[in-house]
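As a plain string of letters, each chain reads:
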Amino acid sequence: MKSALFACAAALLVSSAAFAQPSPGPQPYPMPPKTDAPQDTAYPGLLKVQVDATDLERHIFRVHETIPVARSGPMTILYPQWLPGNHGPSGPLKTVGGIAFHAGGKQIPWMRDPVDVFAFHIDVPAGATSVDVDFDLLSAVAGDEGRIVMTPEMMSLQWISLAMYPAGHYTRRIEIEPSVRFPEGWTPFSALESAGVEGGVTRYKPVTFETLADSPMIAGRYARRIELDPGASVPVGLDVIADRPELLDATAPQIEIHRQLVQQAYKLYGSHHYNHYDFLFSLSDRMGGSGLEHHRSSEDGTVPDYFTAWNKNAAARDLLAHEYTHSWNGKFRRPADLWTPNFNVPMRGSLLWVYEGQTQYWGFVLSGRSGLLSKQEALDALAATAATYAYRVGREWRSVEDTTNDPIIASRRPQPWMSFQRSEDYYSEGQLVWLDADTLIREKSGGKRSLDDFAKGFFGVENGSWTPVTYTFDDVVAALNKVEPYDWAKFLNERINQVAPKPPLDGLARGGWKLIYTDTPTDYFKSAEARRKQTDLTYSIGLMISREADITGVQWDGPAFKAGLTIGGKILAVNGIAYDVDRLKDTIAEARKGRDPIMLLVKKGDHFSTVAIDYHGGLRYPRLERIEGTPDLLSAIYAPKK
Ligand SMILES: [Zn+2]
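None of these values were measured; they are calculated from a predicted model.

Here the protein chain averages 95 in pLDDT, and 97% of its residues register 70 or above. Long-range and interchain partners of residues 1-15, a stretch whose pLDDT sits below 50, account for 1 contact in this model, where long-range means more than four residues apart.

Structure representation (structure tokens):
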């Protein structure tokens, strides 16, 4: 060390004066041009956006947009980054290609902001009165690229990814007129109001950019509209598109159930927050599924045989009730930190356990009350959720509130240890906490009040308005206290904001039911397995297995985990005989009688191994069982409201 220092000092002696001073080290590099922060001021002029949505072969949407400009000089155009309902920065920027800006017929150069890659800087030439923006949305052509949104029979057109907007203004202060060219003969649906068809292009009445972004469309070759509130001054429609015409055949009783959903929602909330509402309902196994809420519509994409194989699709039947509830909870009443003035200001999700958690709760309750789920199906669905969270060991290190960051952290990408890492648990663990609250209010008020009163008080204000009303944690606590005085801040902090290792099952017990495990799955559980194309052995050997015998889930610290299994392995044999799902189930049942482990031959990459699962508990599937002699609050909760 010493000799090195000496050598160094000697070198300094002979160096030039420029090296005599120690280097100050790197300095901050100049920042890129500034993007104007959004102001609550009107953008001058009317933007126009036209989409050509006829390229069904290549799945390309071609966008032409005109943005009026009042002055020359630097200008920033934004592509929406933070998508409402996604709760994260998931704007599909990677699908945007062929970007070009023109003014006065001449192309003008653009520069993408090197820090905020969703912002485009241009220099508006003197004398220009508008800027034209052209780009192509190169939507997925193969499933691994993202959601398929175009098929030969249908499409999903999301305006939020098909238009840019000028920086510097709240999006509710930017007016825009949309139009679309759809394939010939197709029927489009949306919450937008048509202004007529000209030369094959459907024009819509001008709306704010905020409303346009919240008004996606579906269109299909095979389509029908079912009125869900016939004769009402505020129409509600079930706009159905399907892969094949016969899939549109809803029976009269099925239609009546969907009409009951609307009536039960009105009885619960005592209000509506739209002037018309459209369920944009796509039945397909070719277009990607969806569930995305909006003020006056929802995107609801589910199984093709929703109507035609009603009995096997119980696990798909809470979708509409969930997304519809969001018109009240999420779109109208919105967490104060989640609301943003435009789509490029980061959203914060600290109250998503209200936004999504209580929507999960009401989604299932309204499904039960309307008949979308039978009472048994509703109870079986609740059992499945309760079991998931009884086994969600990540609760020991991570609060529900912390999982509200997951849309940003994980973006729903696959993860190796769901039960330990957790996921967007504010949805369904939130649901269980709201059941806890509901049963507590019912118990403390002697059955006089319930969470229904909270729903009416909190979501039922300003009937008819769809201007968001924001709220904070304290507002939620105050509204609960209005229904039933209690230390709700402590209640919610303990269950949501703090790490809470105990499974949130108090609501079940107070509701008069307990979670048990038996060796046969409920029909609802089977429906959920079929929907996910998985065999769910979480509660026995701790594995989820695909139909192709791939291991797709391993319960943290469960029997398979202890045997060293992970996602990515493929099961080839069970106790020396070729794998078959029924053989595995029979083997698990048999192992109950003996002490021999269950032997699996597993292939992972080009490695083969035999693992021993030391498990003797038999097959286990969750269901609810009545606690005799206690009040049956769950049945009261799921009963239709008079
Ligand atoms: Zn939701």
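What follows picks up the thread again.
What follows covers the packing of helix H11 (residues 451-459) against helix H12 (residues 473-483). At a closest axis distance of 9 Å, the pairing of H11 and H12 adopts a crossing angle of 125°. For the element pair H11 / H12, the angle class is oblique. Read as a crossing pair, H11 and H12 show a hand that is right-handed. Side by side, H11 and H12 meet where Leu451, Asp453, Phe454 and Phe458 of the first sit next to Asp475, Val476, Ala479, Leu480 and Val483 of the second.

Those protein atoms acting as donors to the zinc ion are His322 (NE2), His326 (NE2) and Glu356 (OE), and they sit at 2.0 to 2.1 Å. Motif for the zinc ion, donor spacing along one chain: H-x3-H-x29-E. Of this pair, His326 sits in the loop between helix H4 (319-325) and strand E22 (333-335) while Glu356 sits in the loop between helix H5 (352-355) and helix H6 (357-370); the two residues are 30 residues apart in sequence, bridging distant segments of the chain. Here His326 falls in the buried class, since its relative accessible area comes to 0%. For Glu356, a relative accessible area of 1% translates into the label buried.

This next bit is on the pattern of salt bridges. By the definition in use, this model includes 38 salt bridges. The salt bridge involving Arg449 is made with Glu484; its shortest N-O contact spans 2.8 Å. Of this pair, Arg449 sits in the loop between helix H10 (428-444) and H11 while Glu484 sits in the loop between H12 and helix H13 (488-497); the two residues are 35 residues apart in sequence, bridging distant segments of the chain. We classify Glu484 as buried; its relative accessible area is 7%. Where salt bridges share partners, they join Asp436, Glu443, Lys490, Glu494, Arg495 and Arg510 into one cluster.

Per the stated rule, a full pass over the model turns up 41 aromatic pairs. On the basis of an interplanar angle of 85° and a centroid distance of 5.9 Å, the ring pair of Tyr269 and Phe459 is categorised as edge-to-face. Of the two residues, Tyr269 is situated in helix H3 (residues 252-269) and Phe459 in helix H11; the sequence distance between them amounts to 190 residues. Accessibility assignment for this pair places Tyr269 and Phe459 in one class, buried. For the ring pair Tyr324 and Trp328, a centre distance of 4.9 Å and an interplane angle of 80° mean the geometry is edge-to-face. Directly above the ring of Trp310 sits Arg317, whose terminal nitrogen or CZ lies 4.5 Å from the centroid. Just above the ring of Phe458 sits the side chain of Arg333; from NZ or CZ to the centre is 4.1 Å.

Let us look at the packing of helix H7 (residues 375-390) against H10. Running from N to C, H7 and H10 cross one another at 110°; their axes reach a closest spacing of 10 Å. Taken as axis vectors, H7 and H10 run roughly perpendicular relative to one another. Along this stretch, H7 crosses H10, giving a crossing that reads as left-handed. Of H10, the residues touching H7 (which contributes Leu382, Thr385, Ala386 and Tyr389) are Ser428, Glu429, Gln431, Leu432 and Leu435.

Now for the layout of surface pockets. In this structure, the second largest pocket spans a volume of roughly 390 Å³. Contributing to the lining of the second largest pocket are 21 residues, with Asp36, Arg71, Pro74, Met75 and Thr76 lying nearest its centre. Taken together, the elements giving at least two residues each to the lining of the second largest pocket come down to strand E3 (73-78) and strand E7 (119-124). Of all the elements, E3 adds the most residues to the lining of the second largest pocket, at 4 residues. Class assignment for the residues of the lining of the second largest pocket results in 12 nonpolar, 6 polar and 3 charged.

Turning our eyes to something else, we now look at the sheet that holds strand E12 (residues 187-190). Taking strand neighbours across the sheet as the criterion, the 3 strands line up as E9-E16-E12 in an open arrangement whose pairing is antiparallel. With one partner strand each, in any of the chains shown, strand E9 (154-157) and E12 form the two edges of the open sheet. The sheet shows a mean angle of 15° between the axes of neighbouring strands, taken without regard to direction. Inspection of the sheet shows E9 paired to strand E16 (residues 217-220) by 4 bridges, in the antiparallel sense. Bridged to Ser156 within E16 is Ile218.

It is worth spelling out the side chain of Asp380 at this point. Along the polypeptide, Asp380 turns up in helix H7. It turns out Asp380 is buried and unbridged, and the closest side chain with the opposite charge, Arg623, is 5.5 Å from it. If we ignore the near neighbours within four places in the chain, the residues touching Asp380 are Thr522 and Tyr524.

Our next topic: empty space enclosed by the protein. Rolled over the atoms, a probe with the dimensions of a water molecule shows which regions are left empty. This model, assessed by the stated rule, comprises 1 cavity of 30 Å³ or more. Taken as a whole, the largest cavity spans an internal volume of roughly 40 Å³. Lining the largest cavity are Pro84, Gly85, His87, Arg334, Leu338, Met347 and Tyr355. Within the lining of the largest cavity, the residues separate by chemical class into 4 nonpolar, 2 polar and 1 charged.

Another point: the sheet that holds strand E29 (residues 577-578). Read across the sheet, 4 strands follow the order E29-E28-E30-E31 without closing on themselves; strand pairing throughout is antiparallel. Each having just a single partner strand, E29 and strand E31 (607-613) make up the two edges of the open sheet. The pairing of strand E28 (residues 570-574) with strand E30 (residues 598-604) spans 4 bridges and is classified as antiparallel. Residue pairing in the sheet places Val574 in a bridge with Leu600 of E30. Of the strands in this sheet, E28, E29 and E30 touch helix H17 (residues 581-591), which is tilted by about 145° from E30.

So, about H11. Within the span of H11, buried status applies to Leu451, Asp452, Phe454, Ala455, Phe458 and Phe459. Taken around the axis of H11, the buried residues stretch over an arc of 155°, which confines them to a single face. Its buried side turned inward, H11 meets H3, E22, H6, H10, strand E23 (469-471) and H12. Where H11 begins, the side chain of Ser450 points an oxygen toward the backbone nitrogen of Asp452, at a separation of 3.1 Å.

The residue Asp229 is located in the loop between strand E17 (223-227) and strand E18 (236-242) in this model. Despite its burial, Asp229 remains without a salt bridge, the nearest opposite charge being carried by Arg259 at 7.5 Å. Reaching out from Asp229, the side chain makes a polar contact with the side chain of Gln263 at a distance of 3.0 Å. Discounting residues that sit within four places of it in the chain, Asp229 has contacts with Val234, Val236, Val262, Gln263 and Tyr266.

Rules used throughout
- Residues numbered from 1 in each chain as written.
- Predicted model: local features only at pLDDT ≥ 70, side-chain atom pairs only at ≥ 80, totals over all residues.
- Heavy atoms only, no water.
- pLDDT = per-residue confidence, 0-100.
- Contact = heavy atoms within 4.5 Å.
- Axes fitted to C-alpha atoms, helices over the stretch in contact; angles between N-to-C directions.
- Helix = DSSP H or I, 4+ residues; strand = E, 2+ residues; numbered from the N terminus.
- Parallel < 35°, antiparallel > 145°, perpendicular 65-115°, else oblique.
- Left-handed = near helix turned anticlockwise from the far one by under 90°.
- Donors = N, O, S within 2.8 Å, 3.2 Å for Na, K, Ca; no water.
- Buried < 20%, exposed > 50% of the residue type's maximum accessible area, 1.4 Å probe, protein only.
- Salt bridge = Lys/Arg side-chain N within 4 Å of Asp/Glu carboxyl O.
- Phe/Tyr/Trp six-rings, centres within 6.5 Å; stacked < 30°, edge-to-face > 60°.
- Lys NZ or Arg CZ within 6 Å of the ring centre and 35° of its normal.
- 1 Å grid on protein atoms, 1.4 Å probe; cavity = no way out; pocket = protein on both sides within 12 Å on 5 of 7 lines; lining within 4 Å.
- Points joined across faces, edges and corners; volume = space filled by probe spheres on them.
- Nonpolar A, V, L, I, M, F, W, Y, C, P; charged D, E, K, R; others polar.
- Pairing = 2+ DSSP bridges.
- Lys, Arg positive; Asp, Glu negative; His and termini not counted.
- Arc of directions from axis to C-beta.
- Polar contact = N/O pair within 3.5 Å; in protein donor to acceptor, adjacent residues only side chain to side chain.

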